[in-house]
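# Report on the structure
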Amino acid sequence: MSGDMLLTVSGPAGSGKSTTAAGLAEALDLEHISGGDIFRDLAAERGYSPVEFNELAEEDERIDHDLDQRLYEIARDRDGVVLESRLAGWLAPDATFRLWLDAPVEVRAARIADREGKSAERAREETLRREQSEQKRYDEYYDIPIRDLSIYDLVVNTARWTAPDVLAILTTAIERYDTESDEGGHAVEGIDIGGFES
């Protein structure tokens, strides 16, 4: 079944999305596609930091629309993929599983600080700015309430377990999935992804 799967991994910066998505892809023999990598590449190509590029995207909605269109097309057209981005769960209405990872902001800021070689205080400030910017845009562009977690099949606080344990929890849940006993799968409905070609 894993070759037919489309998994989405979403959550705020520093929640462990990339580590977990890469681990799931390897464990389940799926391709890993990261919206964050695509976004950071676009920012670097234009000479911006991710935080600056996020703020620029508030003024130029084409930035978000271009990225989100690419992710939507991947979700629509491909299987055998772990799609990782903040909006992946919303952009993949027929995903096999939608996963949301989170952790307290202090934990996420410390992870980002360690990864990017900056102070935890600076990482926390930038993370909160980035989240406010994204929340504003997601609501304005698509009417997506990003903090509404009701569309997700599993929500995990990654501060409670080690990264290998989070991966083990999710891999076990996915591997033990039985379509015959599934009473809760449903497509995401009611969002405005206007302009995306179906």
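The coordinates are above.
First things first, this report covers the structure right here in the doc. (Residues numbered from 1 in each chain as written. Predicted model: local features only at pLDDT ≥ 70, side-chain atom pairs only at ≥ 80, totals over all residues. Heavy atoms only, no water.)

This part covers the overall build of the protein chain. Helix and strand content of the protein chain: eight helices and five strands. Counted from the first residue to the last, the protein chain has its helices and strands arranged as β-α-β-α-α-α-β-α-β-α-α-β-α. Against the compact-globule benchmark of 16 Å for 198 residues, the protein chain has a radius of gyration of 16 Å, which places it among compact chains. Projecting the C-alpha coordinates of the protein chain onto the three principal axes gives extents of approximately 50 × 40 × 30 Å. Evaluated residue by residue, the protein chain yields a buried proportion of 46% over its 198 residues. (Helix = DSSP H or I, 4+ residues; strand = E, 2+ residues; numbered from the N terminus. Rg over C-alpha atoms; globule rule 2.2 N^0.38 Å. Buried < 20%, exposed > 50% of the residue type's maximum accessible area, 1.4 Å probe, protein only.)

Looking now at the sheet that holds strand β1 (residues 6–10). Across the sheet, five strands lie side by side as β2-β3-β1-β4-β5; this open sheet has parallel pairing. Pairing within the sheet leaves two strands with one partner each, and these edge strands are β2 (31–34) and β5 (154–157). Between one strand axis and the next, the sheet turns through 20° on average, direction left out of account. Pairing between β2 and strand β3 (residues 81–84): four bridges, direction parallel. Bridge assignment links His32 to a residue of β3, and that residue is Val82. Contacting β1, β2, β3 and β4 (97–102), helix α1 (residues 17–28) crosses the sheet at an angle of about 175° to β3. Packed on one face of the sheet, helix α2 (residues 35–45) meets β2 and β3 and runs near 45° to β2. (Pairing = 2+ DSSP bridges. Axes fitted to C-alpha atoms, helices over the stretch in contact; angles between N-to-C directions. Contact = heavy atoms within 4.5 Å.)

Most of the time, phi is negative for any residue but glycine, and the peptide bond is trans. With a phi angle near 55°, Asp29 is a residue other than glycine that sits in the positive phi range. By the element assignment, Asp29 lies in the loop between α1 and β2. Take Asp29: its relative accessible area is 70%, and that puts it in the exposed class. Located in the positive-phi region is Asp143, a residue other than glycine, with phi close to 60°. Looking at the secondary structure, you find Asp143 in the loop between α7 (120–142) and β5. Judged by its relative accessible area of 48%, Asp143 is partly exposed.

Another aspect to go through is the nonpolar core. Leu6, Leu83, Leu87 and Trp90 are the most contacted members of the largest nonpolar core, which has 29 residues in total. Listing elements by their share of this core, those giving two or more residues are α2, α3 (50–59), α4 (62–77), β3, α5 (88–91) and α7. Among the elements that line this core, the one with the most residues is α4, at five residues. Membership of the second largest hydrophobic core comes to 16 residues, among which are Leu7, Ala25, Leu28 and Ile174. (Core = buried A, V, L, I, M, F, W, Y, C linked by side-chain atoms within 4.5 Å.)

What follows is about the packing of α2 against α4. Relative orientation of the contacting elements α2 and α4 amounts to 145°, with a least axis distance of 11 Å. Between α2 and α4 the crossing geometry is right-handed. On α4, the residues that touch Gly35, Ile38, Phe39 and Leu42 of α2 are Ile63, Leu67, Arg70 and Leu71. Looking at the contact of α2 with α4, its residues break down into six nonpolar, one polar and one charged. (Left-handed = near helix turned anticlockwise from the far one by under 90°. Nonpolar A, V, L, I, M, F, W, Y, C, P; charged D, E, K, R; others polar.)

Burial analysis of β1 places five of its five residues in the buried class, the great majority of the element. Taking every second residue as pointing to the same face, both faces of β1 are buried, with Leu6, Thr8 and Ser10 on one and Leu7 and Val9 on the other. Note: β1 against β3, four bridges, orientation parallel. By the bridge assignment for β3, Thr8 is matched with Leu83.

A word on the side chain of Ser15. In this fold, Ser15 is placed in the loop between β1 and α1. Take Ser15: its relative accessible area is 0%, and that puts it in the buried class. A polar contact of 2.7 Å, which involves the side chain of Ser15, links it to the backbone oxygen of Pro12. Of note is the side chain of Ser15, whose polar atom sits 3.5 Å from the backbone oxygen of Leu101. Once residues within four sequence positions are removed from consideration, Ser15 is found in contact with Leu101, Asp102, Arg108, Arg111 and Thr158. (Polar contact = N/O pair within 3.5 Å; in protein donor to acceptor, adjacent residues only side chain to side chain.)

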